[in-house]
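Commentary on secondary and tertiary structure
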Amino acid sequence: RQMVDEHGLHKVDPGLIIADHGCSLWLHYRLLRDRPRAMAAIERALGSLHPAPVIVGARSGINLLPPDAPGKRTALRTVIDHASRRTALYIGEDEADEQIFKDAPESWLTVRIGRGKDSAARYFLHHQFEVLECLRFLITLVNRRGMLAA
């Protein structure tokens, strides 16, 4: 957050959307007007940070995390363990999700939005708007069986 102010990132390009999520900072750059100039400014700002954040790239932006922050995989495993479950549904759409797809046990249902060339997800949806249809389908299956498997 300090980086945003010190480097004037909020002024770099009107299409740069900066979202402060408390424990992470998202830089959304899908709508950049001058992408090369804005990306150069972002790279300069990131290069000046000490300690360096963990940078998780996505299709439309980057997520900056503290160096010691737990990742999505740790968070998901914690939720599953806390709920005493063996199964999970994980839907992702970018490279940040690939580690979860790769490490997922067979009991997890992994779905990637958009077919990645080398994705380890077991299933794919073409677009985000298909997620609701997918969830409705899964709920129908669960209701037919009368219970949710652990």
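This section reports on the structure supplied with the text. (Residues numbered from 1 in each chain as written. Predicted model: local features only at pLDDT ≥ 70, side-chain atom pairs only at ≥ 80, totals over all residues. Heavy atoms only, no water.)

Attention shifts here to the overall build of the chain. The helix and strand inventory of the chain stands at five helices and seven strands. Going residue by residue from the N terminus, the α and β elements of the chain occur as α-β-β-α-β-β-α-β-α-β-β-α. Here the C-alpha coordinates of the chain stretch approximately 55 × 30 × 25 Å along the principal axes. Carbon and sulfur atoms provide 55% of the accessible area of the chain, an area that totals close to 10100 Å². Each charge class in the chain was averaged separately, 21 positive and 18 negative side chains, and the resulting centres sit 5 Å apart. (Helix = DSSP H or I, 4+ residues; strand = E, 2+ residues; numbered from the N terminus. Areas by Shrake-Rupley, 256 points an atom, 1.4 Å probe, with all protein chains shown as cover. Lys, Arg positive; Asp, Glu negative; His and termini not counted. Charge placed at Lys NZ, Arg CZ, Asp CG, Glu CD.)

In sheet architecture, strand pairing relies on hydrogen bonds along the backbone and comes in two forms, parallel and antiparallel. The four strands lie next to each other as β1-β2-β4-β3, forming an open sheet whose pairing is antiparallel. A single partner strand is all that each edge strand has here, and the edge strands are β1 (17-20) and β3 (54-57). Strand-to-strand twist of the sheet, defined as the mean angle between neighbouring strand axes without regard to direction, takes the value 20 degrees. With four bridges joining them, β3 and strand β4 (residues 61-65) adopt antiparallel strand pairing. In the strand pairing of β4, glycine 57 is matched with isoleucine 62. (Pairing = 2+ DSSP bridges. Axes fitted to C-alpha atoms, helices over the stretch in contact; angles between N-to-C directions.)

Let us look at the pattern of salt bridges. Under the counting rule described, the total for this entry stands at five salt bridges. Two residues, glutamate 98 and arginine 112, come together in a salt bridge whose shortest N-O distance is 2.8 Å. With glutamate 98 in helix α4 (residues 98-103) and arginine 112 in strand β6 (residues 108-113), this pair connects stretches of sequence that are 14 residues apart. No difference in accessibility class separates glutamate 98 from arginine 112, as the two residues are buried. (Salt bridge = Lys/Arg side-chain N within 4 Å of Asp/Glu carboxyl O. Buried < 20%, exposed > 50% of the residue type's maximum accessible area, 1.4 Å probe, protein only.)

Our next topic: the packing of aromatic side chains. Tallying each qualifying case throughout the model produces one aromatic pair. Between the aromatic rings of tyrosine 90 and phenylalanine 101, the centroid separation amounts to 5.9 Å while the plane-to-plane angle is 75 degrees, which identifies the pairing as edge-to-face. Of the two residues, tyrosine 90 sits in strand β5 (residues 88-92) while phenylalanine 101 sits in helix α4, which places them eleven residues apart along the sequence. Residue classification places tyrosine 90 among the buried positions, given a relative accessible area of 12%. A relative accessible area of 1% places phenylalanine 101 in the buried class. (Phe/Tyr/Trp six-rings, centres within 6.5 Å; stacked < 30°, edge-to-face > 60°.)

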